[in-house]
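# Survey of secondary and tertiary structure
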Amino acid sequence: LAGIRIDPRTNGAADERSYAGFALRSLDAPGERRIVHPSSRGLGYPVWAPDGLRVAFSSMRPDGIELWVAEVDRPRPRARRMLGPVLNESLGRACRWMPDARHLLCRVAPEERRAQGASSALLGPLAIGPGGQPGPVGWSAFGRRADDLVRRHLASRLVLVDAGSGGQRRIG
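Here is what the cut-offs are and how they apply
Residues numbered from 1 in each chain as written. Predicted model: local features only at pLDDT ≥ 70, side-chain atom pairs only at ≥ 80, totals over all residues. Heavy atoms only, no water. Phe/Tyr/Trp six-rings, centres within 6.5 Å; stacked < 30°, edge-to-face > 60°. Helix = DSSP H or I, 4+ residues; strand = E, 2+ residues; numbered from the N terminus. Buried < 20%, exposed > 50% of the residue type's maximum accessible area, 1.4 Å probe, protein only. Salt bridge = Lys/Arg side-chain N within 4 Å of Asp/Glu carboxyl O. Core = buried A, V, L, I, M, F, W, Y, C linked by side-chain atoms within 4.5 Å. Contact = heavy atoms within 4.5 Å. Pairing = 2+ DSSP bridges. Axes fitted to C-alpha atoms, helices over the stretch in contact; angles between N-to-C directions.

## What about the packing of aromatic side chains?
- A complete count under the given rule lists three aromatic pairs for this structure.
- On the numbers, 6.4 Å between centres and 55 degrees between planes, the contact of Tyr19 with Tyr45 is tilted. Here Tyr45 lies in the loop between strand E4 (32-34) and strand E5 (47-48) and Tyr19 lies in the loop between strand E2 (12-13) and strand E3 (23-25), a separation of 26 residues in the sequence.
- When its relative accessible area of 36% is taken as the criterion, Tyr19 is described as partly exposed.
- Judged by relative accessible area, which is 48%, Tyr45 ranks as partly exposed.
- Through successive ring pairs, a cluster of aromatic residues spans Tyr19, Phe22, Tyr45 and Phe57.

And the structure:
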């Protein structure tokens, strides 16, 4: 009800919680296996594939949000980058596993939006109220541009990502 705050530099929520890393524990054996990932901060919530053999998560960078996938049935799970800093998590998690447990359907920022980058007119995160309407705080400075800015930062394209091969196919 209070709305959301968007970071226009990353296409993500301004107050997104993140993790420093992930570890797997077996119910049958002691110890844990850490998922190897080059970053040690800014990792998004893990989303398990329907078959439980892969886990997907986002990774925050200063210029955007990446998609990473790890195959967890290996002795030393290593995450692989599937998409560069293009995810659009402004309205929550950008990717969902498909029922086949091999593909993810992801929201990415449109190419023209990524080429433009963050608006220089923005001094901070965007405030968006219920139903995608501009929030009450800080919008007086934007005037009529508020609706255009909201649409610009929420716009997405759908991409189907193959977690096995890394291939991508634009949907629509």
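Alright, that's what it looks like, and here's the rest.
## A look at the pattern of salt bridges
- The tally for this structure, following the rule as stated, stands at 10 salt bridges.
- One salt bridge in this structure joins Arg34 and Glu32, with 3.6 Å as the shortest N-O distance.
- Arg61 is the partner of Glu66 in a salt bridge, and the nearest nitrogen-oxygen pair spans 2.9 Å.
- Each of Arg61, Asp63, Glu66 and Arg81 takes part in a single network of salt bridges with overlapping partners.

## Description of the nonpolar core
- One finds Leu67, Leu83, Leu87, Trp97, Leu104 and Cys106 to be the most contacted residues of the largest nonpolar core, which totals 20 residues.
- Elements that contribute at least two residues to this core include exactly strand E7 (64-71), strand E8 (79-83), strand E9 (95-97), strand E10 (103-108) and strand E12 (157-162).
- Those residues in contact with Leu104, other than ones at most four positions away along the chain, are Ala56, Leu67, Val69, Cys95, Arg96, Trp97, Met98, Val159, Leu160, Val161 and Ala163.
- Ile35, Phe57, Ala70 and Val72 belong to the second largest nonpolar core, which has 10 residues in total.

## A few points about the pairing of E7
- Of all eight residues in E7, eight are buried; the element is thus mostly enclosed.
- Alternating residues of E7 divide into Gly64, Glu66, Trp68 and Ala70 and Ile65, Leu67, Val69 and Glu71, and every residue in both groups is buried.
- Pairing geometry for strand E6 (residues 54-61) and E7, over eight bridges, is antiparallel. If you follow Ala56 over to E7, its bridge partner there is Val69.
- Between E6 and E7, which pair antiparallel and follow one another directly, the connecting turn spans two residues.

## Considerations on the environment of Ser39
- Tracing the backbone shows Ser39 in the loop between E4 and E5.
- Sequence-wise, Ser39 and Met60 are 21 residues apart; in three dimensions their C-alpha atoms are separated by 9.1 Å.
- Apart from the residues lying within four places of it in its own chain, the contact partners of Ser39 are Ala20 and Ser59.

## Focus on the sheet that holds E9
- Pairing in this open sheet of four strands is antiparallel, and the strands run E9-E10-E12-E13 from one edge to the other. For this open sheet the edge positions go to E9 and strand E13 (168-171), each flanked by a neighbour on one side alone. Recorded for the sheet is a direction-independent mean angle of 25 degrees between the axes of neighbouring strands.
- Bridge count for E10 against E12 is six bridges, and the pairing is antiparallel. Following the sheet pairing, Leu105 is matched in E12 by Leu160.

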